[in-house]
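# Reading the structure
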Amino acid sequence: MIEHVVIIKFDKMTTIEHKDNVIQQLRSLANSIPGIVDLRCNHNFSERNQGFDIGLTVRFESMEALKAYGPHSEHQ
């Protein structure tokens, strides 16, 4: 199993609605990209977040699945 971790920082003018939309779009990848075993995404609530707004973790069944994820049309 391979785990991919991403933290996202938006411009200060980005609305909560836009951030919520991004989270929903990221969550939908679990249903459209083969090889994803688990995907978690949500707002960063930590007081030590260093300005990062969203955290994303994706678990893949293999390194090959991770390599196919990046160029996949749904990910792009």
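Okay, so let's go over this structure. Values in this document were obtained by computation on a predicted structure and should not be read as measured data. (Residues numbered from 1 in each chain as written. Predicted model: local features only at pLDDT ≥ 70, side-chain atom pairs only at ≥ 80, totals over all residues. Heavy atoms only, no water.)

### Observations regarding the pattern of salt bridges
As a reminder, the rule being used: The working definition used for a salt bridge is a side-chain nitrogen of Lys or Arg within 4 Å of a carboxyl oxygen of Asp or Glu. Only runs of H or I of at least four residues qualify as helices and only runs of E of at least two qualify as strands under DSSP, and these elements are numbered from the N terminus. For each residue, the accessible area found with a 1.4 Å probe, counting protein chains only, is set against the maximum for its type, and the residue is called buried under 20%, exposed over 50%, and partly exposed in between.
One pass over the structure, following the stated rule, counts three salt bridges. D53 serves as the salt-bridge partner of K19, at 3.3 Å between the closest nitrogen and oxygen. Of this pair, K19 sits in helix α1 (residues 16–32) while D53 sits in the loop between β2 (36–43) and β3 (54–60), placing them 34 residues apart in sequence. Accessibility expressed as a relative area gives 14% for K19, which makes it buried. A salt bridge links D38 to R40; the nearest nitrogen and oxygen atoms lie 3.2 Å apart. Look at D38 and you get partly exposed, because its relative accessible area is 24%.

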